[in-house]
Number of protein chains: 2
Amino acid sequence: MSCGEKLAEELRRKGFRVTPQRGVILETIAHMGDHLSVQEVYSEARERLPGLNIATIYRTLESLHRAGMVDLFYPGSGPTRFTLRDPSAAHGHLVCTECEHVVDIDTDLIGRLVEEVAAETSFFIDPHHLTLLGICDACFQAGRGKRKIS
Amino acid sequence: MSCGEKLAEELRRKGFRVTPQRGVILETIAHMGDHLSVQEVYSEARERLPGLNIATIYRTLESLHRAGMVDLFYPGSGPTRFTLRDPSAAHGHLVCTECEHVVDIDTDLIGRLVEEVAAETSFFIDPHHLTLLGICDACFQAGRGKRKIS
DNA sequence: ATATTAAATGCAAATCTTTGCAACTAAGAA
DNA sequence: TTCTTAGTTGCAAAGATTTGCATTTAATAT
Ligand SMILES: [Zn+2]
Ligand SMILES: [Zn+2]
Ligand SMILES: [Zn+2]
Ligand SMILES: [Zn+2]
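Keep in mind it's a predicted model, so treat the numbers as computed, not measured.

Q: Explain the nonpolar core here, please?
A: The nonpolar side chains of a soluble globular protein tend to be buried, and buried together. Counting residues in hydrophobic clusters, the biggest one holds 30 residues, and the most contacted among them are Leu-132 of chain A together with Leu-132 of chain B. Within the residue set of this core, elements represented by two or more residues are β3 (92–96), α5 (107–121) and β6 (131–135) of chain A together with β3 (92–96), α5 (107–121) and β6 (131–135) of chain B. Setting aside residues up to four positions removed in sequence, Leu-132 of chain B forms contacts with Val-117, Phe-123, Ile-125, Leu-130 and Leu-132 of chain A together with His-93, Leu-94, Val-95 and Leu-113 of chain B.

Q: Could you clarify how one ought to interpret the coordination of the zinc ion (ligand 4) in this entry?
A: Each angle at a metal carrying four tetrahedral donors should ideally be 109.5 degrees, and each at a metal carrying six octahedral donors should ideally be 90 or 180 degrees. Residue and element names in this part refer to chain B. Summarising the metal site, the zinc ion (ligand 4) is bound by the protein donors Cys-96 (SG), Cys-99 (SG), Cys-136 (SG) and Cys-139 (SG), whose distances to it range over 2.2 to 2.4 Å. Taken together, the four donor atoms coordinating the zinc ion (ligand 4) and their angles of 105 to 112 degrees define a geometry best described as tetrahedral. Linear spacing of the donor residues for the zinc ion (ligand 4) on their chain is C-x2-C-x36-C-x2-C. Of this pair, Cys-96 sits in strand β3 while Cys-136 sits in the loop between β6 and α6 (137–141); the two residues are 40 residues apart in sequence, bridging distant segments of the chain. Residue classification places Cys-96 among the buried residues on the basis of a relative accessible area of 1%. Under the relative-accessibility criterion, Cys-136 is labelled buried at 6%.

Q: Please explain the sheet that holds strand β5 (residues 124–125) of chain A as it appears in this structure.
A: Remark on secondary structure: sheet strands pair via backbone hydrogen bonds, oriented parallel or antiparallel. The four strands are arranged β5(A)-β6(B)-β3(B)-β4(B) in an open sheet whose pairing can be described as mixed. Of all the strands in the sheet, the pair left with one neighbour each is β5 of chain A together with β4 (102–105) of chain B. Pairing of β5 of chain A with β6 of chain B, which is carried by two bridges, proceeds in the antiparallel orientation. The residue bridging Ile-125 of chain A from the neighbouring strand is Gly-134 of chain B, located in β6 of chain B.

Q: Can you walk me through the packing of helix α3 (residues 38–48) of chain A against helix α4 (residues 54–66) of chain A in this structure?
A: For any two helices packed against each other, the geometry comes down to the angle between their axes and how far apart the axes lie. Residues and elements named next belong to chain A. For the pair α3 and α4, the least separation of the axes is 10 Å and the interaxial angle reads 120 degrees. Taken together, α3 and α4 sit at an angle that is classed as oblique. Considering the relative orientation of α3 and α4, their crossing is right-handed. Contacts from Val-38, Gln-39, Val-41, Tyr-42 and Ala-45 in α3 reach Ile-54, Ile-57, Tyr-58 and Leu-61 in α4. A per-class count over the contact of α3 with α4 returns eight nonpolar, one polar and no charged.

Q: Please explain α5 of chain A as it appears in this structure.
A: One full turn of an α-helix is made of 3.6 residues, so residues set three or four places apart face in the same direction. Between its first and last C-alpha atoms α5 of chain A spans 21 Å; for 15 residues at 1.5 Å apiece the expected length is 21 Å, and the two agree. Backbone geometry just after α5 of chain A places Ser-122 of chain A at a positive phi near 60 degrees.

Q: Explain the interface of chain A and chain B here, please?
A: By convention, interface size is frequently given as the accessible area that disappears when the constituent parts associate. Chain A puts 36 residues into the contact, and the matching count from chain B is 36 residues. Carbon and sulfur atoms supply 61% of the area that chain A and chain B bury against each other, a total of about 3,400 Å² over both sides. Our count for the contact surface shared by chain A and chain B stands at four salt bridges. Arg-112 of chain A is the salt-bridge partner of Glu-116 of chain B, the closest N and O atoms lying 3.2 Å from each other.

Q: Explain the protein's contact with DNA strand D to me, please; I cannot follow it from the model alone.
A: DNA strand D sits among 20 residues. The nearest are Tyr-58 of chain A together with Thr-19, Gln-21, Arg-22 and Thr-56 of chain B. By atom count, sugar and phosphate contribute 66% of the portion of DNA strand D lying within 4 Å of the protein. Within the backbone of Val-18 of chain A, a nitrogen or oxygen atom sits 3.1 Å from a phosphate oxygen of DNA strand D. A distance of 2.8 Å is found between a phosphate oxygen of DNA strand D and a side-chain nitrogen or oxygen belonging to Thr-19 of chain B. Among the elements of the structure, α4 of chain A together with α2 (20–32) and α4 (54–66) of chain B are those that each provide at least two residues to the surface near DNA strand D. A total of four residues in the surface near DNA strand D trace back to one element, the largest contributor, which is α4 of chain B. Each residue belonging to the surface near DNA strand D can be placed in one class, and the counts come to seven nonpolar, seven polar and six charged.

Q: Sorry if this is basic, but what is going on with the protein's contact with DNA strand C here?
A: Taken together, 19 residues lie around DNA strand C, and Thr-19, Gln-21, Arg-22 and Thr-56 of chain A together with Tyr-58 of chain B are the ones closest in. Sugar plus phosphate, as a fraction of atoms of DNA strand C within 4 Å of the protein: 68%. At 2.8 Å from a sugar or linking oxygen of DNA strand C is found a side-chain nitrogen or oxygen belonging to Gln-21 of chain A. Take Arg-59 of chain A: an N or O atom from its side chain is 2.9 Å from a base nitrogen of DNA strand C. Those elements that place two or more of their residues in the surface near DNA strand C are α2 (20–32) and α4 of chain A together with α4 of chain B. Sort the elements by how many residues they give to the surface near DNA strand C and α4 of chain A lands first, with four residues.

Q: Just checking my understanding: could you explain the relation of the copies chain A and chain B for this structure?
A: Note: a rotation about an axis with an accompanying shift along it relates these two copies of the chain. Least-squares fitting of chain A to chain B yields an RMSD of 0.1 Å, with the superposition described by an axial translation of 0.0 Å and a rotation of 180 degrees. Here the two chains are linked by the operation of a two-fold rotation axis. If distances are taken from each C-alpha of chain A to the rotation axis, the shortest is found for Leu-113 of chain A, at 3.4 Å. Both copies share a contact surface, since 100% of the interface residues of chain A are interface residues in chain B too.

The rules behind these values
- Position numbers for residues start from 1 in each chain and track the written sequence from start to end.
- Lettering for chains starts from A, numbering for ligands starts from 1, and both go in the order in which the items are written.
- Confidence filtering applies because this is a predicted model: local features only for residues at pLDDT of at least 70, side-chain atom pairs given and counted only at 80 or more, and all residues used for totals across whole chains, interfaces and linings.
- Working from all heavy atoms in the structure, the side-chain values ignore hydrogens and water.
- Here the nonpolar core consists of buried residues drawn from Ala, Val, Leu, Ile, Met, Phe, Trp, Tyr and Cys, with membership extended through side-chain atoms lying within 4.5 Å.
- Burial status follows relative accessibility: with a 1.4 Å probe on protein chains alone, a residue under 20% of its type maximum counts as buried, one over 50% as exposed, and anything between as partly exposed.
- Where helices and strands are cited, they refer to DSSP runs of H or I of at least four residues and of E of at least two residues respectively, numbered from the N terminus.
- In this description, contact between two residues means that some pair of their heavy atoms is separated by no more than 4.5 Å.
- Metal sites are built from N, O and S donor atoms within 2.8 Å, or 3.2 Å for Na, K and Ca, and they leave out water, so they may look incomplete.
- In these descriptions, tetrahedral denotes four donors with every angle between 85 and 135 degrees, square planar four donors and octahedral six donors with opposite donors over 155 degrees apart and the rest between 65 and 115, and irregular any other case.
- Pairing between strands is defined by DSSP: at least two bridges between the two strands are required.
- Here the axes come from fitting lines to C-alpha atoms, over the contacting stretch only for helices, and the angles between their N-to-C directions go from 0 to 180 degrees.
- Comment on the angle field: the value is read as roughly parallel under 35 degrees, roughly antiparallel over 145, roughly perpendicular from 65 to 115, and oblique elsewhere.
- Helix crossings are classified by the rotation of the near helix relative to the far one: an anticlockwise turn of less than a right angle makes the crossing left-handed, while a clockwise turn makes it right-handed.
- Residues are grouped as follows: Ala, Val, Leu, Ile, Met, Phe, Trp, Tyr, Cys and Pro are nonpolar; Asp, Glu, Lys and Arg are charged; all remaining types, including Gly, are polar.
- Given the number of residues in a helix, its expected span is that number minus one, multiplied by 1.5 Å.
- Each of two parts loses accessible area, computed with a 1.4 Å probe, when they are put together; buried area is these two losses added.
- A carboxyl oxygen of Asp or Glu within 4 Å of a side-chain nitrogen of Lys or Arg is what we treat as a salt bridge.
- One heavy atom suffices: a residue is near a molecule or strand as soon as one of its heavy atoms comes within 4 Å of it.
- Polar contact criterion, stated in full: a pair of N or O atoms within 3.5 Å, where within protein one must be able to donate a hydrogen and the other to accept it, and residues adjacent in sequence count only if both atoms are side-chain atoms.
- When the copies are overlaid, the least-squares fit takes in C-alpha atoms only where the residue has pLDDT of at least 70 in both copies.

This is the structure in structure tokens:
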């Protein structure tokens, strides 16, 4: 069973219809890598399926996210980005708002943050692709974290 | 010294120019409350200063954010929202992606999360208006957190 | 195989957001 | 006060995203 067929099967199992468009979009993001913009997915997927409309990309990525197969990434500036979810290994990112640098965080740290929040609030933050904004070490050392506070 | 004058003073101290537009926008968000969309700020501020252009709202809110006077809120769906920062009491939110319910979190919990991340990664996440997406207790109890996984 | 139906798609219009540039102006210097 | 200059604004165009609706189609039942 191919990579695309597996994903289609999973989609169907979750109660979504499997269409040629969705198959192409899934294959596209599976092969293009992480943190793709809608426009990037669109130009690649349209080559594989001419006539594919960009509104379908928007709606499909939203559906795939609701299905838990695609993660969202808000990079602090610029458009939302999309990544195929790897259910076996949640990962996340710290994004520096001064220099745009991105630090990866792993399942363990994410797990501890989820627990800390759940213990106090009974709220379960989504461990998949957790993204936090702040100041990286280099920018903090350089005093850029203070942003010209007199 | 009025509320608006105080804010203008702070803006100037941080190296930004004080313009009538910025004064009006600051007053507007100070009086309208939290989590405002650009369009909401625009329609109110334009009443106070006719001719004010919406591109100025976008650029000003971005500047005020860089100045640390305005916090951003990504509600998981819909446009970014803006809130006047209260430097004396950082707050944050947990947003349920199933029911849109928003739970507030306080300075203490935020502080512990900041420490936990900093200890392991040397990255300082921004404590102001920290927002995390996930599943609220009610939705989790109702099984909606699992999203139809068979 | 055929019919049924709700979901998904394409299309175009509406809406929202960003950007380049000329004109304007706040802040500081003279 | 006047001059200078870099930051800011308005405007219009470009670009990105959402939405309504007619048409198509995947999934299920007959
Ligand atoms: Zn990632
Ligand atoms: Zn940095
Ligand atoms: Zn808030
Ligand atoms: Zn909920």
